[in-house]
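# Structural features, examined
Residues per chain, in single letters:
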Amino acid sequence: MYDQAGFLWANRRSPATILTWLLLSSSLVLLICLVLARHGNLAWDDADYLRRGLADARHATSGTTLAVIPRLLARLIKEQPKPPLLVGWIAVGALLTDRSHIDMLMVYSSVVPFLLLALGTVGLARRLHGPAAGLLALAFLLASPRALSFGGKVMVETFLACWVLLALGLASELAVWPRRTTGIALGLATGLALLTKLTAVLLLAGASVSFLWWMFRPGPDRSLRKRVLGWAIVMCLAVAGPWYACNARVAVRFGTFSARYNLLAEGQSRIVSPRDRLGRILSDLPGWPLIVMLGVVGFGISVRRGSNPTLETAERAALCSTPARFRVLVVASTLAAAGALMIPAYFDTRFLLPLWPSIAVALGGALARAFRGLTFRPRVAIGAAIAASLAASIAGVVSEPASTTCWAARGLIDQIVSRYGVATLANVGNVADWNVCKTGLINELRDDPGNCFVLHDLSAESAEGLRTRLPRFDAVVVLETAAFPSGFLAAVPGLNRAYPSIFSTIEADSAWVRLDGLPLEGLPPLTIYGRRGERSRTHVMPSEVAQVGGRATSTRK
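Residues numbered from 1 in each chain as written. Predicted model: local features only at pLDDT ≥ 70, side-chain atom pairs only at ≥ 80, totals over all residues. Heavy atoms only, no water.

### Looking at the overall build of the protein
- A count of helices and strands for the protein gives 23 helices and five strands.
- The buried share of the protein, taken over its 557 residues, is 52%.
- Counting only contacts in the protein whose residues sit at least 6 apart along the sequence, the fraction spanning at least 24 positions is 80%. (Helix = DSSP H or I, 4+ residues; strand = E, 2+ residues; numbered from the N terminus. Buried < 20%, exposed > 50% of the residue type's maximum accessible area, 1.4 Å probe, protein only. Contact = heavy atoms within 4.5 Å.)

### Concerning the packing of helix α2 (residues 44-60) against helix α4 (residues 85-96)
- Contact geometry of α2 with α4 gives a least axis separation of 7 Å together with a crossing angle of 55 degrees. Comparing their axes, α4 and α2 come out oblique. In the crossing of α2 with α4, the sense of the turn from one axis to the other is right-handed. Contacts from Y49, L50, R52, G53, L54, D56 and A57 in α2 reach L86, V87, I90, A91, A94 and L95 in α4.
- The residue makeup of the contact of α2 with α4, split by class, is 10 nonpolar, one polar and two charged. (Axes fitted to C-alpha atoms, helices over the stretch in contact; angles between N-to-C directions. Parallel < 35°, antiparallel > 145°, perpendicular 65-115°, else oblique. Left-handed = near helix turned anticlockwise from the far one by under 90°. Nonpolar A, V, L, I, M, F, W, Y, C, P; charged D, E, K, R; others polar.)

### Some remarks on the packing of α4 against helix α8 (residues 156-176)
- Following both chains from N to C, one finds α4 and α8 inclined at 110 degrees, their axes separated by 10 Å at the closest point. One way to sum up the angle between α4 and α8 is to call them roughly perpendicular. Touching L85, L86 and W89 of α4 are V156, F159 and W163, all from α8.
- Here the residues of the contact of α4 with α8 sort into six nonpolar, no polar and no charged.

### Notes on a nonpolar patch on the surface
- Taken together, I18, L19 and L22 make up a surface patch of nonpolar side chains, about 280 Å² in accessible area.
- Inspection of the secondary structure assignment puts I18 in helix α1 (residues 15-37).
- With a relative accessible area of 42%, I18 lands in the partly exposed category. (Patch = residues over 30% accessible without salt bridge, like charges linked within 9 Å, V, L, I, M, F, W, Y side chains within 5 Å. Areas by Shrake-Rupley, 256 points an atom, 1.4 Å probe, with all protein chains shown as cover. Salt bridge = Lys/Arg side-chain N within 4 Å of Asp/Glu carboxyl O.)

### Quick look at the nonpolar core
- Core analysis: the largest hydrophobic core is formed by 164 residues, its most contacted members being F140, L168, F326, L352, W356, I386 and W434.
- Top contributing element to this core by residue count: α8, with 14 residues.
- Discounting residues that sit within four places of it in the chain, I386 has contacts with L136, A139, F140, M293 and L367. (Core = buried A, V, L, I, M, F, W, Y, C linked by side-chain atoms within 4.5 Å.)

### Description of unusual backbone geometry
- With omega at 5 degrees, the peptide bond leading from Q80 into P81 counts as cis.
- Looking at the secondary structure, you find P81 in the loop between α3 (68-77) and α4.
- Even without glycine at this site, H39 takes up a positive phi of about 50 degrees.
- Mapped onto the elements, H39 comes out in the loop between α1 and α2.
- Looking at H39, the relative accessible area reads 37%, which means it is partly exposed.
- Of note, the phi angle at N41 is positive, near 50 degrees, even though the residue is not glycine.
- You can see N41 is positioned in the loop between α1 and α2.

### Re the confidence of the model for the protein
- The share of residues in the protein with pLDDT of 70 or more is 90%, and the mean pLDDT across the chain is 87.
- Here residues 3-7 is a poorly scored stretch, pLDDT under 50, and it has six contacts once near neighbours within four places are set aside; other chains count.
- Low confidence marks residues 534-552, where pLDDT is under 50. Its contacts with residues over four positions away, or in another chain, come to 48 contacts. (pLDDT = per-residue confidence, 0-100.)

### Digging into the sheet that holds strand β5 (residues 526-531)
- The five strands are arranged β2-β1-β3-β5-β4 in an open sheet whose pairing can be described as mixed. Edge strands, defined here as strands with exactly one partner in the open sheet, are β2 (453-457) and β4 (512-514). Strand after strand, the sheet turns through a mean of 25 degrees between neighbouring axes, direction not considered.
- Relative to β5, β4 runs antiparallel, the two sharing three bridges. Within the sheet, the bridge partner assigned to R514 lies in β5 and is Y529.
- Its contacts with the sheet put helix α19 (residues 409-420) on β1 (424-428), β3 (475-479) and β5, and the angle it makes with β5 is roughly 20 degrees. (Pairing = 2+ DSSP bridges.)

### Regarding the environment of D103
- If you trace the backbone, D103 turns up in helix α5 (residues 102-129).
- Along the primary structure D103 and I32 are separated by 71 residues, whereas in three dimensions their C-alpha atoms are 9.9 Å apart.
- Apart from residues no more than four positions distant in its own chain, D103 is found in contact with L36 and H39.

This is how it looks when you write it as structure tokens:
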């Protein structure tokens, strides 16, 4: 194991190190340019995380400066139904910069976590296998179409991948050299993973079985291993325990909802078959160009191993080393998580994405070892194949369709509030370009976001539900059907169940009147309705908002 101090910067003049930093810096520049050019390319969850972070930062500063951190921690403890780490990261960024610089906040919330993940991937690969493995691991990380794409998104997967990578690396080291400091670091990484996303349990389940077997196996240092494991458990509970103690029930309910999202929210009955799921995993995570290259190289290595008994003996001798233990943990986690992902009704390959950096480290080490016995031409061929995989990944990310965020809605909300005294505003319309998550974020960027509550979403209500809930609101903003992408209403009927009856229900009620003369430039086709006469400026409590788990939140996962 290349366990030297300063492993990220060792051999700074070696070709592998120079290429590593060139590849890393160029990928970061690409992601920053994409985020700025597309204004974050926000979808449901991205906007919701930003909105929640900005709101927590706003409430944390609504008092004495000395109590900002305690107020922020109190807000994060109450975040639900999703774990609060990314929201806290965004809130800290909002506290350090002016909230009007939303583009820079999006770069901070997406590209900076990806930088930390890339540094962790390179550093662990170099530590375990040397500089060449660091370069190869970074190349594999960037060659994944999903990994590179999520490097420019305000999503939890990047942070979760960082903590999972650290947890697996520390666990492999702890199994070989049980130390208290390593155990505490492992507990910290695991706790942070649990504070990032509920699926951390799924991603670490397979590795936990092998790790616990190593820690409890008979041996002269068994008592030491138990004490170190105890330190890890105590640290994990100290980090993640407070949030789960307050929100465990809500989190479990949301996890159950997420597993059936296509049935409950989208209204779809089709369930993706295991065969199709496996195909999507292979195409989204490594990508087919990388799979072909790895298959050819793996076949060559197996042939070489069969004709070289000395190599096989050396590998058996190294089974108890930290790199070997790391590979076992990665394989166990990948098999367990991929197998579990074949079961739920809802399927999305991003649930497995946080394991890809760990896989990249293991693959980088294996390929680096194989390189040592290859001649010049095979090395060039492998390098060309990796370059082709990188090019395909970059081309896919650059050509991704960009989502529009209608920032001009800030002026619309200002006018609705100032002209008509609206304090509670409902939204109808749930598409990528216009939804309650985005209007909530845009409202949070107003000068006084607290004077209007906009997190009510009536898009999925039935006709009876609309008649029951409409009297609670001062105004309703309805996205006209002409603004929907072709076939969207039929494809996911559960997201916009209100549309067959929304216009007739409102217009049949004499208490509602259409509001004209509002600024709609830069916005999709909208119809705004307001209640006649004077309205109380009392807010509808968040408990009345359509939600999963007790607080206003994205209907996506």
